[in-house]
Amino acid sequence: MPKQIPHPMEVKMDYNCWYECIRGCGKRYSIFDVVYRCEECGGLLEVKHNLNALRQRSAAEWKSVFEQRVFSTAWPYGSGVWGKKEWVCPLVDDEQIVSTYEGNSNLFWAQRFGKQLGMDDLWIKLCGNSHTGSFKDLGMTVLVSVVKQMIANRKPIRAIACASTGDTSAALAAYGAAAGIPTVILLPRAKVSTAQLIQPIANGATVLSLDTDFDGCMAIVKQLTEDPTIYLANSLNSLRIEGQKTVGIEIIQQFDWQVPDWIILPAGNLGNVRALGNGLMMMLDLGLIDHLPRIACAQAENANPLYRAYLSNFQVFEPVKAKKTVASAIQIGNPVSYERARQTLIDFNGIVEQASEEEIANTSAQADQTGLYCCPHTGVALTALKKLLQKGIIDPHARVVVISTAHGLKFSQFKVDYHHQQLEGVQAQYANPPLEIPATYEAVQSALMKLV
Ligand SMILES: *Cc1c(COP(=O)(O)O)cnc(C)c1O
Ligand SMILES: [Zn+2]
């Protein structure tokens, strides 16, 4: 049993949050209602907070509270997400929280890789250094905790379900298993990595492998969750966004409350860019920062509906049929959160860039040779960085943070294929295959001669 220290923040304030329709029709719902879209107008919902209650603490006080909680053992405040509980989800009892102490992931100063690009202030936020190996843990802890609270309040919920490109399902299965809540996972057959497939299997989820793509799985899970006893865990559900929004707050906290110039992230279903924007906007509203960074979204050329919309100045949005990409977690043609992301990009003077398969693979490998171990999605974001430097949009002396969304270890086959020149359509510039030589001292000796 973790320590239950009464926390100074437990003094009863009127912290509160609720769902509100983002189309401004004013409709509100409880976060304990099973509702994913506005019942009046069909708009997406978003969690809103009582900012006046939060304003009863000054910006300096919040900073100090957040700093004190990092890695604390006072349950659950040592988590990077729950250390900001009042800003994220004040309505769940501490005993109902399902946490793996997610968040507080390290910032990697990419000194050598940055130097290769002519930069001196490049940082990689390693969100893949997390319980299930991706940033999806940040949102899933909130969603599963709210469901656990609902079940404690005798709401009839039988299971939590999601469609996934591999990381949402891993997170849902792990948090569901930790809470003892059954989970149902819909995966596109042969479109997720072996590691991603085996994660929910190991955690005891019901795993359904469907002969379709992510968008096909999403359509079915929406139907499935029309039954209110099966709760939907996709990022259409804005509870995920509440947890994920801590990433930007955490980055700024790690820079001693200094705002970086740019934050770049790979984008697929577009929940995470909205989450990043919402966290930063809340910091601005509550006075913890006095300006916003710029945001750049990076997409794979093979699944680029946001990039296309950006080229039209966000006047036109058309779903695309996503083609195969090594960045499988963002192989999405019809992003659920487009409407949310569009507004965030406008608010943050944001831009969108895209990356080809060859660029993704080679940039990932180049970065690996400077000590990183990039998943392909991080390769998409790093490629976007290169292009924006070349175009003069990002200044080489700017402080830039690239969000690395998953751990490279989930994508071993991508790396194996790359280093054996077996990645379709890719000329592997940085291939470094093992040398197969006889087991003799002389053979080893002569192989090493080539080193110098
Ligand atoms: C989910 C995911 C993304 C995309 O995030 P969205 O919120 O869908 O835009 C990017 N990279 C990885 C590794 C992911 O798992
Ligand atoms: Zn509405």
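Criteria and cut-off values
- Residues numbered from 1 in each chain as written.
- Chains lettered and ligands numbered in written order.
- Predicted model: local features only at pLDDT ≥ 70, side-chain atom pairs only at ≥ 80, totals over all residues.
- Heavy atoms only, no water.
- Helix = DSSP H or I, 4+ residues; strand = E, 2+ residues; numbered from the N terminus.
- Rg over C-alpha atoms; globule rule 2.2 N^0.38 Å.
- Buried < 20%, exposed > 50% of the residue type's maximum accessible area, 1.4 Å probe, protein only.
- Contact = heavy atoms within 4.5 Å.
- Lys, Arg positive; Asp, Glu negative; His and termini not counted.
- Charge placed at Lys NZ, Arg CZ, Asp CG, Glu CD.
- Near = heavy atom within 4 Å.
- Polar contact = N/O pair within 3.5 Å; in protein donor to acceptor, adjacent residues only side chain to side chain.
- Areas by Shrake-Rupley, 256 points an atom, 1.4 Å probe, with all protein chains shown as cover.
- 1 Å grid on protein atoms, 1.4 Å probe; cavity = no way out; pocket = protein on both sides within 12 Å on 5 of 7 lines; lining within 4 Å.
- Sits in = over half its atoms within 2 Å of the grid points.
- Points joined across faces, edges and corners; volume = space filled by probe spheres on them.
- Nonpolar A, V, L, I, M, F, W, Y, C, P; charged D, E, K, R; others polar.
- Salt bridge = Lys/Arg side-chain N within 4 Å of Asp/Glu carboxyl O.
- Donors = N, O, S within 2.8 Å, 3.2 Å for Na, K, Ca; no water.
- Tetrahedral: all angles 85-135°; square planar, octahedral: opposite > 155°, others 65-115°.
- Pairing = 2+ DSSP bridges.
- Expected span 1.5 Å × (residues − 1).

**Overview of the overall build of the protein chain**
A tally of helices and strands in the protein chain yields 17 helices and 13 strands. Against the 2.2 N^0.38 benchmark of 22 Å for 452 residues, the protein chain shows a C-alpha radius of gyration of 22 Å, consistent with a compact globule. With respect to the principal axes defined by its C-alpha atoms, the protein chain has extents near 75 × 50 × 45 Å. Among the 452 residues that make up the protein chain, the fraction classed as buried is 60%. In the protein chain, 70% of the contacts between residues at least 6 apart in sequence involve partners at least 24 apart. Between the mean site of the 41 positive side-chain charges and the mean site of the 43 negative ones, the protein chain shows a separation of 2 Å.

**Quick word on the site of ligand 1**
Around ligand 1, a shell composed of 14 residues is seen, among which Lys136, Asp167, Gly268, Asn272 and Thr405 lie nearest. A distance of 2.8 Å is found between an oxygen atom of ligand 1 and a backbone nitrogen or oxygen belonging to Leu270. With the chains in place, 97% of the 380 Å² that ligand 1 exposes on its own is no longer accessible. Placement of ligand 1 is best described as lying within the largest cavity.

**Things to note about the layout of surface pockets**
Considering only enclosed or pocket space, the largest pocket measures out at about 560 Å³ in volume. Considering the residues around the largest pocket, the lining is formed by 19 residues, among which Lys324, Thr325, Val326, Ser328 and Leu423 are closest to the centre. Taken together, the residues of the lining of the largest pocket break down into 7 nonpolar, 7 polar and 5 charged. What lines the second largest pocket is a set of 20 residues, among which Glu46, Val47, Lys48, Asn278 and Met281 lie closest to the centre. Mapped by element, the contributors of at least two residues to the lining of the second largest pocket are β1 (17-21), β3 (45-49), α11 (271-285) and α13 (338-347). Per element, the largest residue contribution to the lining of the second largest pocket is 6 residues, and it comes from α11. The class makeup of the residues in the lining of the second largest pocket is 7 nonpolar, 5 polar and 8 charged.

**Points about the pattern of salt bridges**
Taken as a whole and assessed by the stated rule, the structure comprises 16 salt bridges. With its nearest N and O atoms 2.6 Å apart, the salt bridge here joins Glu250 to Lys125. Of this pair, Glu250 sits in helix α10 (residues 246-254) while Lys125 sits in strand β5 (residues 122-126), placing them 125 residues apart in sequence. We note that Glu250, like Lys125, is buried. One network of salt bridges, with partners in common, ties together Glu46, Arg274 and Arg340.

**Observations concerning empty space enclosed by the protein**
Going through the model one piece at a time under the given rule, you end up with 5 cavities of 30 Å³ or more. The space that makes up the largest cavity amounts to roughly 300 Å³. If you go around the largest cavity, you meet 26 residues; those closest to its centre are Phe135, Lys136, Gly268, Asn269 and Ala329. Of all the elements, α11 adds the most residues to the lining of the largest cavity, at 3 residues. Class assignment for the residues of the lining of the largest cavity results in 10 nonpolar, 13 polar and 3 charged.

**Points about the coordination of the zinc ion (ligand 2)**
For the zinc ion (ligand 2), the protein coordination sphere consists of Cys21 (SG), Cys25 (SG), Cys38 (SG) and Cys41 (SG), at 2.3 to 2.4 Å. What the 4 donor atoms of the zinc ion (ligand 2) show is an angle range of 96 to 129 degrees at the metal, which sorts the shape as tetrahedral. Within one chain, the residues donating to the zinc ion (ligand 2) are spaced in sequence as C-x3-C-x12-C-x2-C.

**Thoughts on the sheet that holds β1**
Across the sheet, which stays open at both edges, the 3 strands sit in the order β2-β1-β3 with antiparallel pairing between neighbours. Single-partner strands in this sheet number two, and they are β2 (28-29) and β3. One ladder, built from 2 bridges, connects β1 with β2; its direction is antiparallel. Looking at β2, one finds that Tyr19 is bridged to Tyr29.

**Looking at the environment of Arg57**
Along the chain, Arg57 turns up in the loop between α1 (51-54) and α2 (59-69). Residue classification places Arg57 among the buried positions, given a relative accessible area of 18%. C-alpha of Arg57 to C-alpha of Thr206: the two residues are 149 residues apart in sequence and 44 Å apart in space.

**Examining helix α5 (residues 136-152)**
With 17 residues, α5 ought to run about 24 Å at 1.5 Å a step, and its terminal C-alpha atoms sit 24 Å apart, in line with that. In terms of burial, α5 is a largely internal element, 14 of the 17 residues being buried. Positive phi shows up at Arg154, right after α5, with a value of about 70 degrees.

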